[in-house]
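Each chain, letter by letter, is given below.
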Amino acid sequence: MFHGTITEELTSHEEWSHYNENIREDQKDFVFVKFNGLHLKSMENLQSCISLRVCIFSNNFLTDIHPLQSCIKLIKLDLHGNQIKSLPDTKFWSGLKNLKLLYLHDNGFAKLKNICVLSACPSLIALTMFDCPVSLKKGYRHVLVNSIWPLKALDHHVISDEEIIQYWHLPERFKACNHRLFFNFCSALRKEKMKHSEF
C-alpha cells in the first residue's frame, strides 16, 4: 500500500532506482495519470506533468491541489473521496481553460463562497459536489448554477432552465432534479451500481 507522496513511494524502491534520473523528464509527456485509493497525501510531483489531460486522484488523503496549476491542458479532473476543504483562488481555475469535467464529491467543502471560485473555469460543463457538507446548504444548486455559467450538469442532473431563470415555473418534467433530467456522467459510480445490482 502506498503512503505519502508519489515520488517517495514510487522512486525509492530498488527496482525503480535506474529510472530516477529520467522520471521527471518523462513526466512532462504524461497525458493520463490514475492514482486511485493509494492513500496519497500529496500530488506535488504532478507540477512537471505539463501535458496532462486526465488526472484521477480519487479516494486518497489529499488536502491541497495547488500542484495542478501547471497542468493547464487538463480536461478531466477526478478528486472525489479526498480530504479537500478549500479550493485554490480564481487565478488557478482561470488557468485551466480546457477543464470540462470536475469530480469533487465526497470531500469536506463547507462554504459556498469557496466553491464559487470555480466560476473562473471557462469550459467547466460538469461538476459533482454531492456528499459534501456544502451540498446540504439551502440554495446550493441555485448559487452554483448561477455562478458557473458554462455548467450544464451538476450532481447527476442536467441543469434546468428553471434553475437559471428565477421565479420561472415550468411543467413538472422540466423542473430541477427531475428524473428525466438525470445524467450520470461519473463512470465510477455507474460501475459501482452495476456491481450491487448483480447480487
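What counts, and where the lines are drawn
- Residues numbered from 1 in each chain as written.
- Predicted model: local features only at pLDDT ≥ 70, side-chain atom pairs only at ≥ 80, totals over all residues.
- Heavy atoms only, no water.
- Pairing = 2+ DSSP bridges.
- Helix = DSSP H or I, 4+ residues; strand = E, 2+ residues; numbered from the N terminus.
- Core = buried A, V, L, I, M, F, W, Y, C linked by side-chain atoms within 4.5 Å.
- Buried < 20%, exposed > 50% of the residue type's maximum accessible area, 1.4 Å probe, protein only.
- Contact = heavy atoms within 4.5 Å.
- Phe/Tyr/Trp six-rings, centres within 6.5 Å; stacked < 30°, edge-to-face > 60°.
- pLDDT = per-residue confidence, 0-100.
- Polar contact = N/O pair within 3.5 Å; in protein donor to acceptor, adjacent residues only side chain to side chain.

J.: Looking at this structure, how should I read the sheet that holds strand β3 (residues 76-78)?
T.: Taken in spatial order, the 7 strands line up as β1-β2-β3-β4-β5-β6-β7 in an open sheet, and their pairing is mixed. Each end of this open sheet is capped by a strand with a single partner; those strands are β1 (32-34) and β7 (157-158). The sheet contact formed by strand β5 (residues 126-128) and strand β6 (residues 153-154) spans 2 bridges and is parallel. When the sheet's bridge partners are listed, L127 is paired in β6 with L154.

J.: Just to check I follow, could you spell out the nonpolar core for this structure?
T.: Soluble globular proteins: nonpolar side chains tend toward being buried together. The biggest cluster of nonpolar side chains holds 42 residues, and the ones touching the most others in it are F57, L68, L79, W93, L118 and L127. Of all the elements, helix α5 (residues 140-147) adds the most residues to this core, at 3 residues. Sequence-distant contacts of L68, defined by excluding residues within four places in its chain, comprise M43, L46, C55, L74, L77, L79, F92 and L96.

J.: Mind showing me how you'd approach the packing of aromatic side chains here?
T.: All told, the structure shown has 2 aromatic pairs when counted by the stated rule. Between F35 and F57, the aromatic rings sit 5.3 Å apart at their centres with planes inclined by 50 degrees, giving tilted as the arrangement. Of this pair, F35 sits in the loop between β1 and β2 (54-56) while F57 sits in the loop between β2 and β3, and the two are 22 residues apart along the sequence. Residues F92 and W93 carry aromatic rings whose centres are separated by 4.8 Å and whose planes lie at 80 degrees to one another, so their mutual orientation is edge-to-face. Here F92 matches W93 in class, with each residue buried.

J.: What should I look at first to understand the side chain of K76 in this one?
T.: Tracing the chain through its elements places K76 in strand β3. Not counting the four nearest positions on each side in its chain, K76 is found in contact with R53, V54, C55, L99, L101 and Y103.

J.: Quick question: what am I supposed to make of the environment of A110 here?
T.: Take A110: it is sitting in the loop between β4 (101-103) and α4 (112-115). Residue class for A110 comes out partly exposed when judged on its relative accessible area of 34%. Between the C-alpha atoms of A110 and L136, which are 26 residues apart in sequence, the distance is 9.0 Å. Leaving out residues up to four positions away in the same chain, A110 has contacts with P133, V134 and K137.

J.: Got a minute to help me understand the confidence of the model for the chain in this structure?
T.: Predicted coordinates in regions of low pLDDT should not be interpreted in detail. When pLDDT is averaged along the chain, the result is 80; 68% of the residues meet or exceed 70. Predicted confidence is poor over residues 189-199, with pLDDT under 50, and the contacts of this stretch with residues over four places away or in other chains come to 6 contacts.

J.: How should the side chain of N107 be read in this particular structure?
T.: Among the structural elements, N107 can be located in the loop between β4 and α4. Owing to a relative accessible area of 6%, N107 belongs among the buried residues under this scheme. Here N82 takes part through its backbone nitrogen, which lies 3.2 Å from a polar atom of the side chain of N107. At 3.1 Å, the side chain of N107 forms a polar contact with the backbone nitrogen of I84. For N107, the contacting residues outside a window of four places in its chain are L79, H80, G81, N82, Q83, I84, D131, C132 and P133.

J.: Just to check I follow, could you spell out unusual backbone geometry for this structure?
T.: Glycine aside, residues mostly have negative phi angles, and peptide bonds mostly take the trans form. Of note, N59 is a non-glycine position whose phi angle comes to about 55 degrees, a positive value. Its relative accessible area of 36% is what places N59 among the partly exposed residues. Phi at D106 takes a positive value of approximately 60 degrees, unusual for a residue other than glycine. Along the chain, D106 falls in the loop between β4 and α4. Overall, D106 belongs to the partly exposed group, its relative accessible area being 39%.

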